[in-house]
Amino acid sequence: DEPFAALDALTRRKMQDELLALWEGTRFTVLFVTHSIPEAIKVGSRILLLSPHPGQVKAELDSLPPGASGAEISALEQRIHSMLFADAVEEAVAQSGWVAYIDASRTLAPRDWAHLGAHDGVWMIRPTDPTRAAWCADVLLRCGAFSLLVIDAAPPLTRAIAVRLTRLARESSA
């Protein structure tokens, strides 16, 4: 489960390349679990998306061949991202809840989230600085109006900030 999660970015990339080289030489079957969409695209030939509790296969996708263009990779990342979060957003809105989606690194093109605007109660927040995502989440959770708050593509949170946001989410029933 997430064998490369604790590695820094450079070592992680080197280990991914080593795994792919080893696989190319032997063609053995690997079940690789990751929460990183880019990592799944890079090392996977097939990508299985799992639902939250209980974990069931939500979708099965073919990955891209080595040497795929940046545009192809980006399109697949956005497709996977939309598939993973669409159900949660729709469920929260259906229950008369408000949803805040913080696109910290501004990775989603407006066409990828415009369909959410068809629902009353969905807010898309795109801070100019990705490091402000935690501050945005803090403010939104303290207002108590949101039943779901998604932080996407933000820099890693410190333990203290993660604990604070978790506490605020529990207090606001988000």
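Predicted model, so just to flag it, every value in this text is computed and none were measured.

**Looking at the overall build of the protein**
Then, in step 1: A count of helices and strands for the protein gives six helices and five strands.
Then, in step 2: For the protein, the α and β elements follow one another from N to C terminus as α-α-β-β-α-β-α-β-α-β-α.
Then, in step 3: Along the first, second and third principal axes, the C-alpha set of the protein runs to 55 × 35 × 35 Å.
Then, in step 4: Counting only residues that meet the buried cut, the protein has 31% of its 174 residues in that class.
Then, in step 5: Sequence separation of at least 24 residues holds for 54% of the intrachain contacts in the protein that already meet a minimum separation of 6.
Then, in step 6: Summing over all exposed atoms, the protein offers an accessible surface of approximately 11200 Å²; the carbon and sulfur share of this is 57%.
Then, in step 7: Positive and negative charge centroids in the protein, built from 17 and 21 side chains respectively, lie 5 Å apart.

**Points about the sheet that holds strand S3 (residues 98-103)**
Whenever strands of a sheet pair, they do so through backbone hydrogen bonds, lying parallel or antiparallel.
Then, in step 1: Spatial strand order, S4-S3-S5: three strands in an open sheet with parallel pairing. Two strands lie at the open edges of the sheet, namely strand S4 (122-125) and strand S5 (146-152), each paired on one side alone. Averaged over all neighbouring strand pairs, the angle between strand axes comes to 15 degrees, with direction disregarded.

**Looking at the nonpolar core**
Then, in step 1: Among the nonpolar cores identified, the biggest contains 15 residues, and Ala-100, Ile-102, Ile-125, Leu-140, Leu-141, Leu-149 and Leu-165 are the most heavily contacted of them.
Then, in step 2: For this core, the secondary structure elements donating two or more residues are S3, helix H5 (133-143), S5 and helix H6 (159-171).
Then, in step 3: The element that contributes the greatest number of residues to this core is H5, accounting for six residues.
Then, in step 4: Non-local contacts of Ile-102, meaning those with residues more than four positions away in its chain, are made with Ile-125, Pro-127, Ala-133, Cys-136, Ala-137, Leu-140, Leu-149, Val-150, Ile-151 and Asp-152.
Then, in step 5: Formed by nine residues, the second largest nonpolar core is a distinct cluster that contains Ala-40, Ile-41, Leu-49 and Ala-59.

**Points about H5**
Because an α-helix packs 3.6 residues into every turn, residues spaced three or four apart end up facing the same way.
Then, in step 1: Within the span of H5, buried status applies to Ala-133, Ala-134, Cys-136, Ala-137, Asp-138, Leu-140 and Leu-141.
Then, in step 2: Just past H5, the residue Gly-144 takes up positive phi, approximately 75 degrees.

**Side note on the confidence of the model for the protein**
Detailed conclusions should not be drawn from predicted coordinates in areas where pLDDT is low.
Then, in step 1: On average, the protein scores 84 in pLDDT, and the residues at 70 or more come to 91%.
Then, in step 2: Model confidence for the protein, summarised as mean pLDDT per element, is weakest for helix H4 (residues 110-113) at 64 and strongest for helix H1 (residues 9-26) at 92.

**A few points about the pattern of salt bridges**
Side chains that carry opposite charge are capable of pairing whenever their charged atoms lie near each other.
Then, in step 1: Scanning the model with the defined rule gives eight salt bridges in all.
Then, in step 2: For Glu-39, the salt bridge goes to Arg-12, with nearest N and O atoms at 2.8 Å. In this pair, Glu-39 sits in helix H2 (residues 37-43) while Arg-12 sits in helix H1, placing the two residues 27 residues apart along the sequence.
Then, in step 3: For Arg-142, the salt bridge goes to Asp-138, with nearest N and O atoms at 2.5 Å. Placement of the pair is Arg-142 and Asp-138 together in helix H5, with a separation of four residues, close to one helical turn.
Then, in step 4: Because the salt bridges share partners, they merge into one network encompassing Asp-138, Arg-142 and Arg-164.

About the thresholds
Residues numbered from 1 in each chain as written. Predicted model: local features only at pLDDT ≥ 70, side-chain atom pairs only at ≥ 80, totals over all residues. Heavy atoms only, no water. Helix = DSSP H or I, 4+ residues; strand = E, 2+ residues; numbered from the N terminus. Buried < 20%, exposed > 50% of the residue type's maximum accessible area, 1.4 Å probe, protein only. Contact = heavy atoms within 4.5 Å. Areas by Shrake-Rupley, 256 points an atom, 1.4 Å probe, with all protein chains shown as cover. Lys, Arg positive; Asp, Glu negative; His and termini not counted. Charge placed at Lys NZ, Arg CZ, Asp CG, Glu CD. Pairing = 2+ DSSP bridges. Axes fitted to C-alpha atoms, helices over the stretch in contact; angles between N-to-C directions. Core = buried A, V, L, I, M, F, W, Y, C linked by side-chain atoms within 4.5 Å. pLDDT = per-residue confidence, 0-100. Salt bridge = Lys/Arg side-chain N within 4 Å of Asp/Glu carboxyl O.

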